[in-house]
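Each chain is listed here by its residues.
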Amino acid sequence: MKVEIYTDGACKGNPGPGGWGVLLRASGGQEKELFGGELDTTNNRMELMAVIQALQSLKRPCEIDLYLDSEYVRKGITEWVHGWKARGWRTAAKQPVKNVELWQALDALVHGGAHQIHWHWVKGHAGHVDNERADGLANRGVDMALSSR
């Protein structure tokens, strides 16, 4: 099955309350929206959570076009992760990888899973309709986290 996924993360303060949002669109046109949030987080963690939640929501192997405005996540999972793993989850400067538990979860979903993923970077806040929808969902996640206090 072919799926388009648009993800985004948001944070009000960094660190601060944050949210993640996902728009999934199946090849038949069906859509699903997902969002969530945390009170004390960072923008990068929310960007990672959006992709993790999107991939975890899929029930069978898919061919995925994944659109995100985070170069941190795209480059991290397609380029940097191989070196991090080879160095025992340390950076080239021998420092521990930040957000390591999220990177490990994403790595298992991407490199250990059955999905075929095509990664696409889109410029954030540039009027891309589906990226703007994912941004709106991420902000709903922030609101949800704030209302849970």
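Residues numbered from 1 in each chain as written. Predicted model: local features only at pLDDT ≥ 70, side-chain atom pairs only at ≥ 80, totals over all residues. Heavy atoms only, no water.

(A) Here's a closer look at the overall build of the chain. For the chain, the helix and strand inventory stands at four helices and five strands. Listed by position from the N terminus, the elements making up the chain come as β-β-β-α-β-α-α-β-α. For 149 residues, the compact-globule formula gives about 15 Å, and the C-alpha radius of gyration of the chain, at 15 Å, lands near that figure. Taken over the C-alpha atoms alone, the chain extends approximately 40 × 40 × 30 Å along its principal axes. Counting across all 149 residues of the chain, residues that qualify as buried make up 46%. For the chain, the share of sequence-separated contacts (at least 6 apart) that also reach a separation of at least 24 residues comes to 67%. Accessible area of the chain: about 7,400 Å², with a carbon and sulfur share of 50%. Taking the 18 positively charged and 18 negatively charged side chains of the chain as two groups, their mean positions are separated by 5 Å. (Helix = DSSP H or I, 4+ residues; strand = E, 2+ residues; numbered from the N terminus. Rg over C-alpha atoms; globule rule 2.2 N^0.38 Å. Buried < 20%, exposed > 50% of the residue type's maximum accessible area, 1.4 Å probe, protein only. Contact = heavy atoms within 4.5 Å. Areas by Shrake-Rupley, 256 points an atom, 1.4 Å probe, with all protein chains shown as cover. Lys, Arg positive; Asp, Glu negative; His and termini not counted. Charge placed at Lys NZ, Arg CZ, Asp CG, Glu CD.)

(B) Looking closely at the side chain of Ser-70. Mapping Ser-70 onto the fold places it in the loop between strand E4 (63-68) and helix H2 (71-86). What makes Ser-70 buried here is its relative accessible area of 6%. Residues within four places of Ser-70 in sequence aside, it is in contact with Glu-47 and Trp-121.

(C) Fine view of H2. Relative to the 22 Å expected for 16 residues at 1.5 Å per residue, H2 spans 21 Å between its end C-alpha atoms, a close match to the ideal helical length. Along its length, H2 reaches its greatest deviation from straightness, about 60°, at Trp-80. Restricting attention to buried positions, one finds in H2 the residues Tyr-72, Val-73, Arg-74, Gly-76, Ile-77, Val-81 and Trp-84. Against helix H1 (43-56), E4, helix H3 (100-111) and strand E5 (116-121) lie the buried residues of H2. At the C-terminal side of H2, Gly-88 shows a positive phi close to 70°. (Expected span 1.5 Å × (residues − 1). Bend = angle between axes of the 7 residues up to and from the residue.)

(D) Representation of the sheet that holds strand E1 (residues 2-11) in the model. The five strands are arranged E3-E2-E1-E4-E5 in an open sheet whose pairing can be described as mixed. The open sheet has two edge strands, strand E3 (31-41) and E5, and neither has a second partner. Averaged over all adjacent pairs, the angle separating strand axes in this sheet is 20°, with direction ignored. Across the sheet, helix H4 (residues 129-147) lies against E1, strand E2 (16-26) and E3, angled at about 140° from E2, the strand it touches most. (Pairing = 2+ DSSP bridges. Axes fitted to C-alpha atoms, helices over the stretch in contact; angles between N-to-C directions.)

(E) Representation of the nonpolar core in the model. Within the largest apolar cluster, 33 residues are counted, with the highest numbers of intra-cluster contacts made by Ile-5, Leu-55, Leu-66, Trp-103 and Leu-106. Elements with a contribution of two residues or more to this core: E1, E2, H1, E4, H2, H3 and E5. Here this core takes eight residues from H1, the largest share from any one element. Apart from the residues within four sequence positions on either side, Leu-55 is in contact with Ile-5, Ile-64, Leu-66, Leu-106, Leu-109, Val-110, His-115 and Ile-117. (Core = buried A, V, L, I, M, F, W, Y, C linked by side-chain atoms within 4.5 Å.)

(F) Expanded view of the packing of aromatic side chains. Enumeration according to the criterion identifies four aromatic pairs in this entry. Ring centres 4.7 Å apart and planes at 10° place the aromatic pair Tyr-6 and Tyr-67 in the stacked group. Residue Tyr-6 is located in strand E1, and its partner Tyr-67 is located in strand E4; the two are separated by 61 residues in the primary sequence. The structure contains a cluster of three or more aromatic residues connected by ring pairs, namely Tyr-72, Trp-80, Trp-84 and Trp-103. (Phe/Tyr/Trp six-rings, centres within 6.5 Å; stacked < 30°, edge-to-face > 60°.)

(G) Just the environment of Glu-31, in detail. Tracing the backbone shows Glu-31 in strand E3. Sequence separation of Glu-31 and Glu-4 is 27 residues, and the distance between their C-alpha atoms is 9.5 Å. Filtering out sequence-adjacent residues up to four positions away, Glu-31 remains in contact with Leu-23, Leu-24, Arg-25 and Arg-133. A polar contact of 2.8 Å, which involves the side chain of Glu-31, links it to the side chain of Arg-25. (Polar contact = N/O pair within 3.5 Å; in protein donor to acceptor, adjacent residues only side chain to side chain.)

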